[in-house]
Amino acid sequence: MNALHQYLFDTYRAAQQGTPVPPAPGTHDVGVLRAVRDHRRFERVVAARPARGAVRAVLHRWLHPAR
């Protein structure tokens, strides 16, 4: 059973019991991704590392090794 099937079962159950319908799968995905990004940035600042540009710095080190 995948998330869509579970959502359909929960929606049917909510309709039968008269309770609120649960949110559709994927409704809050963007908010969760933003929260994870913000938390990672916060942890980098607390650890005294640059909060932005970490991926770019790693790629630069891989593509341009010390000569």
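Just so it is clear, the model here is predicted, and its values are computed rather than measured.

Peer 1: Can you walk me through the overall build of the chain in this structure?
Peer 2: Across its full length, the chain carries 3 helices and 0 strands. Moving toward the C terminus, one meets the helices and strands of the chain in the order α-α-α. Against the compact-globule benchmark of 11 Å for 67 residues, the chain has a radius of gyration of 21 Å, which places it well outside the compact range. A principal-axis box enclosing the C-alpha atoms of the chain has dimensions of 70 × 25 × 15 Å.

Peer 1: Could you clarify how one ought to interpret unusual backbone geometry in this entry?
Peer 2: Keep in mind that most residues, glycine aside, have a negative phi and that most peptide bonds are trans. In this structure, Ala48 takes a positive phi of about 60° despite not being glycine. By the secondary structure assignment, Ala48 is in the loop between helix H2 (29-46) and helix H3 (54-63).

Peer 1: Whenever I open this one, the pattern of salt bridges confuses me. Can you help?
Peer 2: Charged atoms that come close allow side chains of opposite charge to pair. Overall, the coordinates contain 2 salt bridges when judged by the stated rule. Between Asp10 and Arg13 there is a salt bridge whose closest N-O contact spans 3.0 Å. In this pair, Asp10 and Arg13 both sit in helix H1 (residues 3-17), 3 residues apart, roughly one turn of the helix. Among the residues examined, Asp10 registers a relative accessible area of 22% and is labelled partly exposed. For Asp38, the salt bridge goes to Arg37, with nearest N and O atoms at 3.5 Å.

Peer 1: Hey, could you run me through the confidence of the model for the chain in this one?
Peer 2: Predicted coordinates in areas of low pLDDT are best not read in detail. For the chain, mean pLDDT is 89; residues scoring 70 or higher make up 99% of the total. Taking the mean pLDDT of every element in the chain, the minimum, 84, falls on H3 and the maximum, 95, on H1.

Peer 1: Can you walk me through H1 in this structure?
Peer 2: Note on helix geometry: an α-helix contains 3.6 residues per turn, so any two residues three or four positions apart are oriented the same way. With 15 residues, H1 should cover 21 Å at 1.5 Å per step; its first-to-last C-alpha distance of 21 Å lies within 8% of that length. With a side-chain oxygen lying 3.1 Å from the backbone nitrogen of Leu4, the N-terminal cap of H1 falls on Asn2. Two residues or fewer past H1, Gly18 is found with a positive phi of approximately 75°.

Procedures and definitions
Residues numbered from 1 in each chain as written. Predicted model: local features only at pLDDT ≥ 70, side-chain atom pairs only at ≥ 80, totals over all residues. Heavy atoms only, no water. Helix = DSSP H or I, 4+ residues; strand = E, 2+ residues; numbered from the N terminus. Rg over C-alpha atoms; globule rule 2.2 N^0.38 Å. Salt bridge = Lys/Arg side-chain N within 4 Å of Asp/Glu carboxyl O. Buried < 20%, exposed > 50% of the residue type's maximum accessible area, 1.4 Å probe, protein only. pLDDT = per-residue confidence, 0-100. Expected span 1.5 Å × (residues − 1). Polar contact = N/O pair within 3.5 Å; in protein donor to acceptor, adjacent residues only side chain to side chain.

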